[in-house]
Amino acid sequence: MDTITVVSSYKLKPAELSSVAKIAQKQLGSSGDITNIVDKSIIAGIKIVAGGRELDLSMHGAISRLGTALT
Amino acid sequence: MEINIWQVLFQAFNFGVIFLVLNKVLYKPVTKLLDDRAKKINESMALAEKNTKIVEEADKLKKAEIAKARKEAMTIIRTAEADAKKASDLLIEKAKLKAKEEAARILANADSELATKKKDMEAQVVELAVAMAQKALMQAVTQAEAEKITKSILADK
């Protein structure tokens, strides 16, 4: 059991948290309690941190990756 | 006037004696002295002529030696001038090559520095653009839109 932290720009609804749990299981191989942190700087989308790994599906992360690809 | 034969004979005898004595005592030594002197003068003249010839030969030899030495000196000077010119040309060529290499090195350094600065600047521009885009999107995207986008992302994954 891992602690799953999900960052979003608004407080996620239970259905959305359920989707997050599925994604964490599928993409990071983590399952456990989910803690939702609201951070408006990620603009939209979510960022999942579990078991020392990170899955960034936010708009902020997408723009940052675009910037990295350009340099 | 009568001629005294005995007196004539006596006078002739006296003359003969005086002649013999003078010939023996005075004439021959004087002649010998004159001959010796003439011989000595001739010898001196011959020696002087010989010496003159020697001096002339020495003079000719000296002039020839001077001419030869001058020629040799000119050859040495020309050779030295040619060698100096060669050395000078070589030094100039080396200096030109070194200057060219130095210029190429400076140019390469400048190019490298310029490329680095350009890359840094591009990175800064991108970083700034990313920050601006994030800030603009943060202000532009409403919560409803954010929710819609988030739902869409969750549905895709």
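Presented here is an overview of the structure given in this document. Quick caveat, the model's predicted, so the values are computed rather than measured.

### As for the overall build of chain A
Within chain A one finds two helices and four strands. Element order for chain A, N to C, with α for helix and β for strand: β-α-β-β-β-α. Evaluated residue by residue, chain A yields a buried proportion of 38% over its 71 residues. Restricting the contact set of chain A to residue pairs at least 6 apart, pairs at least 24 apart contribute 63%.

### Some thoughts on the sheet that holds strand 3 (residues 45-50) of chain A
Residues and elements named next belong to chain A. The strand order across the open sheet built from four strands is 2-1-3-4, with neighbouring strands paired in mixed fashion. Each end of this open sheet is capped by a strand with a single partner; those strands are strand 2 (34-38) and strand 4 (53-58). The mean inter-strand angle of the sheet, taken between neighbouring strand axes irrespective of direction, is 15°. Alignment of strand 1 (residues 4-8) against strand 2, held across five bridges, turns out to be parallel. Bridging across to strand 2, Val7 finds its partner in Ile37. The sheet contacts of helix 1 (residues 14-28) involve strand 1, strand 2, strand 3 and strand 4, and relative to strand 4 the element is tilted by about 130°.

Conventions we followed
Residues numbered from 1 in each chain as written. Chains lettered and ligands numbered in written order. Predicted model: local features only at pLDDT ≥ 70, side-chain atom pairs only at ≥ 80, totals over all residues. Heavy atoms only, no water. Helix = DSSP H or I, 4+ residues; strand = E, 2+ residues; numbered from the N terminus. Buried < 20%, exposed > 50% of the residue type's maximum accessible area, 1.4 Å probe, protein only. Contact = heavy atoms within 4.5 Å. Pairing = 2+ DSSP bridges. Axes fitted to C-alpha atoms, helices over the stretch in contact; angles between N-to-C directions.

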